[in-house]
Amino acid sequence: MKGVDNLIADREGMTNKPIVTCAGDWNLFCTLEAPLVAAIPQDSCEWRRSYGRATKSVYLEASFIKYNKDKVLSELNLLKKPILHIYWTDCVDIEYYKTTLREDIETWHKQLDAVTDWMIVLVETYDIRKTNKLLPRTTVLDKIKGDFGVKQTEDRFITVINPIKSEARSAESWRSLVAKIRHFILVAYNKSLIKFEEHMREQREKRNDPEWDFCKYFILQEQLAFVLEMLGLYDEALVQYDELDALFSQFVLNSNVTESPKWLDTFKQPVTSWQAVRLTALVPQQLRELIIKRKASLLDFRSYLFQRQSAMLLPSSKPWEIASRCLTTVHNTLVELQLLGASAVEGAAACWAQLACAETLRACERLAANNNALDMCTAMQAPLLHNAKDKLHELGKLCGLLPGSPEPSSEQLHLVVMLSAGMGDSEANNQHPTPTDRLKEALCSKTCFQQYYLELAELAMGTYKHIGRLRFARLIGRDLASFYSELGETGKAVVFLMDALRSYEEQGWKDLAAQTRLELVAAAKKMNDADRYTKLSATIASTAELEILVRNFYFEEMMKCIREELSKKTDTVLTELNECFKIVSASLVPSERGVYITDNTVQCRLTVISFLPREVRCSKAAISIEHCKDEKEKKLVKGHKTDLASGSVASQTNSPKRGLVGSDNEITNLITSIRLDDLKPKNPLINPLQISAQLHYKEDRSLQKATVECQNPKVTLKRSDSCKYRKPSATSRSSYENSFAVEGLTLKPGTNEFTLEYPAKKCGMFKLGQISLLVEEKLEFLSNVLIGTKVGFEVVTQGVNVYLNKVEPKKDLVAGLEHAMELVVTSGSSHIEENTTILLKTSSGLLIRFAEDDCAMLRELSIKIPAMEPFQTSRVPLKLFATLQPKKEKSVEHTVWLTCPWWEPLTEVPLHFYPPMVATWRLLTSNTRKFVNVTLKSNVVHLVQFALTEAKLECDGNTTVSDLNPKTAEHMVVASDGTTASFMWELQKDPLVKAGPLKAKFSVHYRPLSVEGASRPFSCSFDIQDYTTLFVIRTKLEPTKGADFCRASQMCCLQLSLQRVNETEYTSLMYEVLADQTMWAVLGRTAGVITMESNGAEPQTVTLDVMPLVAGYLPLPTVRLSKYIAANTKDPKKDISAHPRLEPFSPGQVYHAGKAKQVHVLPPMPKEHLELMPN
Amino acid sequence: MAVCVAVIGKDNSPLYIGGVGNDTSSDNELSRQWLVHTALDALEERLATTNTNNTGTNSNAARTDLRDLYLGLLYSTDTHKIYGYVTNTRIKLVLVTSSTSPSGSNIRDAEVRTALRRLHALYADAICNPFHLPGDQITSPKFDKQVKNIMLNNV
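Residues numbered from 1 in each chain as written. Chains lettered and ligands numbered in written order. Predicted model: local features only at pLDDT ≥ 70, side-chain atom pairs only at ≥ 80, totals over all residues. Heavy atoms only, no water.

- If you look chain B up in an unreviewed UniProt entry, it shows as Trafficking protein particle complex subunit from Arctia plantaginis.
- Among the UniProt annotations of chain B, the heading Subunit (unreviewed entry) holds the following wording: "Part of the multisubunit transport protein particle (TRAPP) complex."
- On record in UniProt, under Sequence similarities (unreviewed entry), the comment for chain B is "Belongs to the TRAPP small subunits family. Sedlin subfamily." (UniProt positions renumbered as here; feature names shortened; annotations may be inferred.)

- In the nomenclature of an unreviewed UniProt entry, chain A corresponds to Trafficking protein particle complex subunit 10 from the organism Arctia plantaginis.
- The record in UniProt for chain A states the following under Subcellular location (unreviewed entry): "Golgi apparatus".

As structure tokens, this is what we get:
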């Protein structure tokens, strides 16, 4: 019997093939079998399926067996059931068919009964002779068709030309046969699968039946998977396994809450074997047998299932899929194992899991090498390695293989033997050691274990890093650290821990950081690193996240370590301040004098929060001070003037203002106080968003949309700096040569406030640098450098200051009066020795004397200063007097030069004096008489009052004046509140004599009203010119002839008469009538030129018509008289202007007699009068 | 249902970590923090792939992915399963279930999704407090109580 041995097929797994039975002429078929078996898989065939399932292209294989009528309707075993039945015959003789063959076929057909998946193949031998003949009327095939065929089955009858006998001619028919066979096989499968699935569903529905058995069902559904696998539909086969997986998982999980079905007890049996899974395409028959026999343990079942699932994934070249499933399977299995409570040797599960992971890794490596899925694989490998490592660690712990553990006990050794036995033998003839070999080896000795563990861990960490899972990598780093730590290689451990610690701190995982610190501190203890131990203890003691007991313990540890270890050292141990303390604020205490002066103490107030759980003695707290870069050039600002009005007359300081120009910027930038919270960038989320609601309208004014708009998105959407995580680089100790310091503090937990002092020695600009807290004399906490914060101060040397001050600073200096002044000397920060003299020199006109002794006033004064301690002031009262100068200037400038022994150049003190009073004069005329009026007025800002006596006016030449002033003039007072004094004199001279220019001098004696004493003279001289009266103008208004009165709106006559009263060269004159246009209307010309006879004294008269516009007492129109200078046409060179011009007279030269005259104008005549007149 | 719930800020620092359940040597508050911390790796990986998908051709499918804030199972260990959820402002919510406890082992994806959505709502409520600065740790006892309720409610 030919065909395929079932046993072998099962063993090879993949070699399940559709079974086709052959009836009829077996010998004939045997000749055809080989080419047929070879031909079927050569091409794919489309598999159309019912229920709308996707059409797949499938490659088929087939195995043929001899027809056996008993096996036609075998049980619902998809694999062993023949799928297609073929009847072979080569009968060509119709007679033979009728007599024998027909009966045979009929029997076969009847046996098949309901089975419709059959074919009848008639094999013909190609006969060349036949072709030429006419085709026979009926062939055997037609007969068969006629006998057995119905409509639907017509295509199941096939003739084929025997390819063995005539290969060339048979190709066509042969191909058609093969295609038909493929097609019918698939059709048959479609039918039977539908039937099978129905049956399967039925079975599944019964799953809550107490008698239902999962194992049985598993084997049933697996058949479907096998068939799908056989057809090359691996993904669909995988679905079957996944369904089974899910079903099983659900049962196990439910068993936990509800009563578990009976069949589940199978899987509760003790686990005896934990062989590694083998990821091959082969069906692990051994495990399958166990499942069939219901002797599979949970691990066996899971192994089998995982292997099958992997097998389905292998051809699709997705190793990462296998890897990811491996992990889930391992996790699920371990949970299930626990849930089912299957007893097993401790560590068996771990063994199995480790092997599963390792095997999967090996398979992935093998597969990934073949295709380009390396990257995808790596991502999945890392967790596998992680898990393998963890499981190995678990095993190592169980078997006492971890470093640092004592030698394995006999029980542990026994366990190793048990575990190794359970793993079974690894497959033979492998060049590389299999995971089973490696695990066994690792369990045998500590060194091997170590080697394997480190290999896995390093690989896992590296892979995690490679795929960017740094947190996982650090987690493994921590495991490695503890492993190395146990190994005694604490140094390596510390590296891993520090790396982890940094990342936890950066991202604010305080609990994790605290935990890592605890591990680090243990490592430090092991390493005998007292420095590190102390520092870490301090930090741990300050960690709020930890239990207070732990913190207290480490606080004690820290103190103990300082006492026992660090005290031997000469240097202090430096550590970071931020971890144990928090600087809240640092502020400089303002100096009493406004500036910080050398040799004085500068104070700084520091607020610090201590996180330590208990009080700690701080032997010294200090803030380093950094000198700012030197100012560019030390310049002395010379002659620095202070405004007199501001109170100080003069100030000259030595150095405080020195260098001010150079370092102006720095000074403005320095601040004196800082809260460290202020330095943090403001949380942008707190800022209010600049948004506003907007309504948008359509053209027809209806609302289109309402929006919320952000006006300035740039502000809101600003990129945040990445500097947040940047840790300040390790702090180095600044120089504490110059520092604020205080000793012997006690720092309580919580807020502490204390003052540090710095004796300022040098002057200059200083900034606060670093803060240092020295605890128990050995542990020094250093803060970050505060330089960036610009907290600073300026120390100056204050030199001697000399001021010349007014005693009454609010009063202005007035010339001609004695003023009380004082010379103020402040010693600053220096001593002034005895017999120091200051020399004062004044400008001319300024006199000075000591206030006490009534000696004469001098222009030079030498003042002795008493000896002085620093910051003392001495005052020397002085009297100052500025002589009056006969100038009319509003103010007088004087200077006092101070010569001091402390500095070289003279100091200039500018002084500013006001004159006590100002005189103004006027010349008054009455016809030809002349009067002089002098007015005195005071412009001093503050109130001064002067009593005036002996007012005098003196004129030169023979002119005399007659005093018109009352004789009680000694009571005259002039004051700066606006009180003025006026004096009047008449010039006594012959009015008809032409007088030349006149010099006059007014003098008066004054004394301040408040002070009794001698009066001082005040004088003022002035020139009087062109004062003789030349012309007298008279104006007269007369009503028109016939009228008695002047009436409004009636013409009047204005008569001007001009009379010369003195000799003059001006004969050509112009008059102008300047009438107020609201009162007068001048008819005709208002101006004219008249020529006066030079010798004649007769008055010239001009008459003008004017009309008063209103009634009442109206002032007469005024007349202006000017010199008329005719255009000089004869000599154009002499006079540039070719036009005539006017020149005014001096005030006293023309006397207008009618100036103040008024005329009475009656209202206009009533109208009745006007009408009556003609009558 | 859950043994631990964590709210993690945009900068990957924890804003809130709450856990229930009795502490044992292998399962305590600290160990859960490690789980949450490492979950960030998986979470960021997930976010990164979502982003790259978005630039790719089938942006339509990716967009629906993006809209779904629930990221599903991030990773699992022998004893725990860690699920992730990320808000549009990149606040990460992490939920840890224990596979050893009867309630945790049998949990459905949909339940986790609902729980995380509720947590998101609670977080939004807590953030609405005008005295809470975004980016600060959440200290509200009410929030804590409600979160613990979520963790226990679905038992």
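**Regarding the sheet that holds strand β30 (residues 918–926) of chain A**
Residue and element names in this part refer to chain A.
Here comes step 1: An order of β30-β31-β35-β33 is seen for the 4 strands of this open sheet, with the pairing classed as antiparallel. Every other strand in the sheet has two partners, leaving β30 and β33 (960–963) as the edge strands with one partner each. With direction set aside, neighbouring strand axes in the sheet form an average angle of 30°.
Here comes step 2: Relative to strand β35 (residues 981–988), β33 runs antiparallel, the two sharing 4 bridges. Paired with Ser-962 across the bridge in β35 is Glu-986. (Pairing = 2+ DSSP bridges. Helix = DSSP H or I, 4+ residues; strand = E, 2+ residues; numbered from the N terminus. Axes fitted to C-alpha atoms, helices over the stretch in contact; angles between N-to-C directions.)

**Structural notes on unusual backbone geometry**
All names here are of chain A.
Here comes step 1: For Asn-528, which is not glycine, the phi torsion reads 60° and is therefore positive.
Here comes step 2: Looking at the element boundaries, Asn-528 is found in the loop between α19 (510–527) and α20 (530–541).
Here comes step 3: Looking at Asn-528, the relative accessible area reads 69%, which means it is exposed.
Here comes step 4: Here Glu-777, not a glycine, exhibits a phi torsion of approximately 70°, which is positive.
Here comes step 5: For Glu-777, a relative accessible area of 47% translates into the label partly exposed. (Buried < 20%, exposed > 50% of the residue type's maximum accessible area, 1.4 Å probe, protein only.)

**Overview of the packing of aromatic side chains**
Residue and element names in this part refer to chain A.
Here comes step 1: Under the counting rule described, the total for this entry stands at 39 aromatic pairs over all chains.
Here comes step 2: Aromatic pair Trp-26 and Phe-29: ring centres 5.3 Å apart, planes at 40°, arrangement tilted. In this pair, Trp-26 and Phe-29 are both assigned in helix α2 (residues 26–39), 3 residues apart and thus about one turn of the helix distant.
Here comes step 3: Judged by its relative accessible area of 14%, Trp-26 falls in the buried class.
Here comes step 4: Where Phe-983 meets Trp-985, the ring centres are 6.1 Å apart and the plane angle is 25°; that geometry is what we call stacked. (Phe/Tyr/Trp six-rings, centres within 6.5 Å; stacked < 30°, edge-to-face > 60°.)

**What to know about the confidence of the model for chain A**
Residue and element names in this part refer to chain A.
Here comes step 1: Confidence in the prediction of chain A, expressed as mean pLDDT, is 78, and 85% of residues score 70 or more.
Here comes step 2: When the elements of chain A are averaged for pLDDT, helix α1 (residues 6–12) gives the smallest value, 38, and helix α16 (residues 446–466) the largest, 90.
Here comes step 3: Note on residues 1–14: pLDDT under 50 across the span, and 18 contacts to partners over four residues away in sequence or across chains.
Here comes step 4: Within the model, pLDDT remains below 50 along residues 722–727, and this stretch shows 5 contacts once partners closer than five positions in the same chain are excluded. (pLDDT = per-residue confidence, 0-100. Contact = heavy atoms within 4.5 Å.)

**A short note on the pairing of strand β19 (residues 779–782) of chain A**
Regular strands place their side chains on alternate faces of the sheet.
Residues and elements named next belong to chain A.
Here comes step 1: The side-chain alternation of β19 yields two buried faces, one formed by Leu-779 and Phe-781 and the other by Glu-780 and Leu-782.
Here comes step 2: Pairing analysis gives 4 bridges linking strand β8 (residues 573–576) to β19, with the strands arranged parallel. Each residue of the ladder has a partner; that of Val-573, found in β19, is Leu-779.
Here comes step 3: As consecutive antiparallel partners, strand β18 (residues 764–775) and β19 are separated by 3 residues, and within that stretch Glu-776 has a phi angle of approximately 50°, a positive value.

**Looking at the packing of helix α18 (residues 490–506) of chain A against α19 of chain A**
All names here are of chain A.
Here comes step 1: At their nearest, the axes of α18 and α19 sit 9 Å apart, and the two run at 160° to each other. By the angle between their directions, the pair α18 and α19 is classed as roughly antiparallel. By crossing handedness, the relation of α18 to α19 is classed as left-handed. Mapping the contact onto sequence places Thr-490, Gly-491, Val-494, Leu-497, Met-498, Ala-500, Leu-501, Tyr-504 and Glu-505 in α18 and Leu-512, Ala-513, Thr-516, Arg-517, Glu-519, Leu-520, Ala-523, Lys-526 and Met-527 in α19.
Here comes step 2: Tallied by class, the residues present in the contact of α18 with α19 amount to 11 nonpolar, 3 polar and 4 charged. (Parallel < 35°, antiparallel > 145°, perpendicular 65-115°, else oblique. Left-handed = near helix turned anticlockwise from the far one by under 90°. Nonpolar A, V, L, I, M, F, W, Y, C, P; charged D, E, K, R; others polar.)

**Looking at the sheet that holds strand β42 (residues 1087–1091) of chain A**
Across a sheet, paired strands are connected by hydrogen bonds in the backbone, their directions being either parallel or antiparallel.
All names here are of chain A.
Here comes step 1: In space, the 4 strands of this open sheet follow the order β42-β40-β45-β46, with antiparallel pairing throughout. Pairing within the sheet leaves two strands with one partner each, and these edge strands are β42 and β46 (1141–1144). Taking each pair of neighbouring strands and ignoring which way they run, the sheet shows an average axis angle of 40°.
Here comes step 2: Looking at chain direction, strand β45 (residues 1118–1125) and β46 are connected through 4 bridges and run antiparallel. When the bridges of β46 are listed, Ser-1122 appears paired with Pro-1144.

**Digging into the interface of chain B and chain A**
Here comes step 1: Chain B puts 29 residues into the contact, and the matching count from chain A is 32 residues.
Here comes step 2: Taking both partners together, chain B and chain A bury about 2800 Å²; carbon and sulfur atoms supply 55% of that area.
Here comes step 3: Taken as a group, Trp-34, His-37 and Asp-78 of chain B account for 25% of the area that chain B buries against chain A, more than any other trio of residues on that side.
Here comes step 4: Inspection of the chain B/chain A interface yields 4 salt bridges. (Buried area = accessible area lost by both parts, 1.4 Å probe. Salt bridge = Lys/Arg side-chain N within 4 Å of Asp/Glu carboxyl O.)

**Focus: the pattern of salt bridges**
Residues and elements named next belong to chain A.
Here comes step 1: According to the stated counting rule, one finds 42 salt bridges over all chains in the structure shown.
Here comes step 2: Residue Lys-268 is joined to Asp-265 by a salt bridge in which the shortest nitrogen-to-oxygen separation is 3.9 Å.
Here comes step 3: Residue Lys-268 is classed as partly exposed on the basis of its relative accessible area of 30%.
Here comes step 4: Assessed through its relative accessible area of 41%, Asp-265 is described here as partly exposed.
Here comes step 5: Asp-499 is the salt-bridge partner of Arg-474, the closest N and O atoms lying 3.3 Å from each other. A residue pair is termed long-range when its members are at least 10 positions apart, and Arg-474 in helix α17 (residues 470–487) and Asp-499 in helix α18 qualify at 25 residues.
Here comes step 6: Residue classification places Asp-499 among the partly exposed positions, given a relative accessible area of 26%.
Here comes step 7: One continuous salt-bridge network, built from bridges that share partners, spans Glu-222, Glu-229, Arg-288 and Arg-308.

**Here's the deal with the pairing of strand β5 (residues 92–98) of chain B**
Residue and element names in this part refer to chain B.
Here comes step 1: By the criterion of burial, β5 is predominantly enclosed, with 7 of the 7 residues buried.
Here comes step 2: The side-chain alternation of β5 yields two buried faces, one formed by Lys-92, Val-94, Val-96 and Ser-98 and the other by Leu-93, Leu-95 and Thr-97.
Here comes step 3: Bridge analysis of strand β1 (residues 2–8) against β5 gives 6 bridges, and the strand direction is antiparallel. Within the sheet, the bridge partner assigned to Ile-8 lies in β5 and is Lys-92.

**Focus: the nonpolar core**
All names here are of chain A.
Here comes step 1: If you look at the biggest cluster of nonpolar residues, it comprises 232 residues, and the most contacted ones within it are Trp-88, Phe-740 and Phe-793.
Here comes step 2: At 15 residues, helix α12 (residues 348–370) tops the list of elements feeding residues into this core.
Here comes step 3: Listed in part, the 30 residues of the second largest apolar core include Ile-832, Val-896, Val-909 and Leu-911. (Core = buried A, V, L, I, M, F, W, Y, C linked by side-chain atoms within 4.5 Å.)

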